[in-house]
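Fold and geometry: a report
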Amino acid sequence: MKKFFKQVKNNAMFWVFVFVMIVFTGPALFAPGESNDRAVVTAIGVDYDTQYEVSLLTFIPTPNQGYLETTSVICGQGNTIAEAIYDAELVLGRKIGFSHAKVTIISEKLFNDDISKDIDYLGRIASLSENTILVATNETAKEFLNSAKTLEKDIGLQLDQLLDYNIRKLYVTDTSLEAFFKGYYSQVKSSIVGYLPIVEASSGDAVCGAQDGSSDAPPPTSDQGGKSNGEDQESTSGNSSQPNKKISNPGQVFLLKGGKKVAILSAEQLQGLNLINKKAVDYNISIDNVNEGIYNDSKLSFVVRDKKVFTRACFKNGIPVFSAKVVLGVELVEATEGDKNVKMNTELASMPPEVIKKLENKSRQQFAEALKVLREYGCDVIGVTERFLFDDRKGYNKFLDAIDSPDEFLKYVNFDICVQVEND
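Residues numbered from 1 in each chain as written. Predicted model: local features only at pLDDT ≥ 70, side-chain atom pairs only at ≥ 80, totals over all residues. Heavy atoms only, no water.

Glycine aside, residues mostly have negative phi angles, and peptide bonds mostly take the trans form. With a phi close to 55°, N289 is a non-glycine residue in the positive phi region. Structurally, N289 can be placed in strand β13 (residues 284–290). A positive phi angle is found at N317, which is not glycine, with a value near 55°. Tracing the backbone through its elements, the reader meets N317 in the loop between β14 (298–316) and β15 (319–337). With relative accessibility at 82%, the residue N317 sits in the exposed group. (Helix = DSSP H or I, 4+ residues; strand = E, 2+ residues; numbered from the N terminus. Buried < 20%, exposed > 50% of the residue type's maximum accessible area, 1.4 Å probe, protein only.)

For V281, the location among the structural elements is in the loop between α9 (267–273) and β13. Sequence separation of V281 and G329 is 48 residues, and the distance between their C-alpha atoms is 9.4 Å. The contact partners of V281, leaving out residues within four places of it in the chain, are V304, R305, D306 and K307. (Contact = heavy atoms within 4.5 Å.)

Here we come to the packing of aromatic side chains. If you walk through the whole model with that rule in mind, you get 16 aromatic pairs. Geometrically, the ring pair formed by Y195 and F254 is stacked, given 4.7 Å between the ring centres and 25° between the ring planes. Taken together, the residues Y195 in strand β7 (residues 190–195) and F254 in strand β11 (residues 252–257) connect sequence positions 59 residues apart. Summarising the burial analysis for this pair, Y195 and F254 share the class buried. Measuring from centroid to centroid gives 5.6 Å for F322 and F415, while their planes differ by 55°, and the two rings are tilted. Remark: F415 occurs in strand β17 (residues 414–423) and F322 occurs in strand β15; sequence separation between them is 93 residues. A relative accessible area of 3% means that F322 is categorised as buried. (Phe/Tyr/Trp six-rings, centres within 6.5 Å; stacked < 30°, edge-to-face > 60°.)

The residue N277 is located in the loop between α9 and β13 in this model. Residues N277 and G383 lie 106 residues apart in sequence; the distance between their C-alpha atoms is 9.8 Å. When neighbours within four sequence positions are excluded, N277 is seen to be in contact with V172, K307 and V309. Polar side-chain contacts of N277 include one of 3.0 Å to the backbone nitrogen of K279. (Polar contact = N/O pair within 3.5 Å; in protein donor to acceptor, adjacent residues only side chain to side chain.)

This brings us to the side chain of K245. By the secondary structure assignment, K245 is in strand β10 (residues 245–247). Within the local environment of K245, its side chain forms a polar contact with the side chain of E143, the two groups lying 3.1 Å apart.

Evaluation of the coordinates by the stated rule reveals 12 salt bridges. Residues K257 and D407 are paired through a salt bridge, measuring 2.7 Å at the closest nitrogen-oxygen approach. Taken together, the positions of K257 in strand β11 and D407 in the loop between α12 (393–401) and α13 (409–412) put the pair 150 residues apart, joining distant regions of the chain. Note on K257: relative accessible area 16%, which makes it buried. Note on D407: relative accessible area 29%, which makes it partly exposed. (Salt bridge = Lys/Arg side-chain N within 4 Å of Asp/Glu carboxyl O.)

Side chains of residues three or four places apart in an α-helix project in the same direction, reflecting 3.6 residues per turn. If you check which residues of helix α11 (residues 384–391) are buried, you get V384, T385, F388 and L389. Down the axis of α11, the buried set is contained in an arc of 140°. They therefore lie on one face. Those residues of α11 that are exposed and aimed more than 90 degrees away from the buried face are E386 and F390. (Arc of directions from axis to C-beta.)

Ranked by size, the top nonpolar core spans 72 residues in total, and within it F144, I276, L300, F302, L328 and L359 carry the most contacts. Aside from chain neighbours lying at most four places away, what touches F144 is I105, V135, T137, L159, L196, I198 and I247. Among the nonpolar cores identified, the runner-up in size contains 34 residues, and A84, L92, L128 and L256 belong to it. (Core = buried A, V, L, I, M, F, W, Y, C linked by side-chain atoms within 4.5 Å.)

Mapping S72 onto the fold places it in strand β3 (residues 71–78). With 12 residues separating them along the chain, S72 and I60 place their C-alpha atoms 8.2 Å apart.

Of all eight residues that make up helix α7 (residues 177–184), six are buried, and the element is covered over most of its length. The set of residues buried in α7 consists of L177, A179, F180, F181, G183 and Y184.

With that settled, consider the packing of helix α4 (residues 116–124) against α7. One way to put it is that α4 packs onto α7 with a least axis distance of 12 Å and a crossing angle of 130°. Taken together, the axis directions place α4 and α7 in an arrangement best described as oblique. Crossing hand, α4 versus α7: left-handed. Counted together, S116, I119, D120 and G123 of α4 and L177, F180, F181 and Y184 of α7 form the full contact between these two elements. A per-class count over the contact of α4 with α7 returns five nonpolar, two polar and one charged. (Axes fitted to C-alpha atoms, helices over the stretch in contact; angles between N-to-C directions. Parallel < 35°, antiparallel > 145°, perpendicular 65-115°, else oblique. Left-handed = near helix turned anticlockwise from the far one by under 90°. Nonpolar A, V, L, I, M, F, W, Y, C, P; charged D, E, K, R; others polar.)

Okay, here's the thing in structure tokens:
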């Protein structure tokens, strides 16, 4: 032991370590917490009327307080987004960090023009994470964030959980900031953004709202009785003049071309596009007017349990042809005749040829209807162009020379979609 202490005593690095501990430990222990100078932003909202308004769902760490008690929607205004963020910092009295922001909400009005110029600052200068999810809403982003706050209060559902579900189960594609700019700077300049509108809620709709990611709590009033000019306070439930609002989740997306909204795709159209997406499973598909075997003018509902997709792009006689074979493994989950359920063992139910044919036809029809929208606006968000570039880049570039622009390419592609339904 004495030999050990003697070696330590003669070791210069040991004394350097002791010196560093003496100099820095004391100030570090008694220094004020970083939370005194910085606020954590978990979601951002951007609106524009006569000037920009940035709303920040801000978490301020406070001892012995719950999450909801220390979360506020802070607003700032300015002629640019940078000025609006700086104004919000002045209101808050803290520096704002965006590294924890998971969601960026943008008002639908801003999508009437190229949205990239509005969010470029957030990603390039303000260091907004590339993984943050872009969401569009029909009302103001400020109202959306206030509704999101009451959403968690009423049913315990955080906004990022709802969006994560949509990305995995509905959109089946990335709708992040990175994905937006990847599509924006691609040859087709197309991308999609999730759409969550705000709708009026009837009384007692909080529990039902949980089904579509919503809440019936009234949104906070803006600039009324707040702690400061930029912070919104929650309205009381006794304010009958303030209509109840909730976040609705209809499964829709914005279709963007050059950063501008050109169409809203319905949930069924989105399902049609996802036909050739092998990751899109566990969705429902129904057919009507089934008259075969035990069925009499019945409606059958199926769930797609698994899927196999095989695609190929080539040129035949100078014409681009995109071929896809889709094998759907489906399971019957419900059969109804009028208002009555058909009493049967759906797990062991066989599928008559008429049912198989109707399922295959409906799947192809859904894809065809969604494809019409993509062709109309020259938006390729299903990777057809990328597949031609991968399979036959030389032929693709040669074909582009014969047409006006890459935006027209999708209109010339012949789609050969083969759907095969199997009883899972």
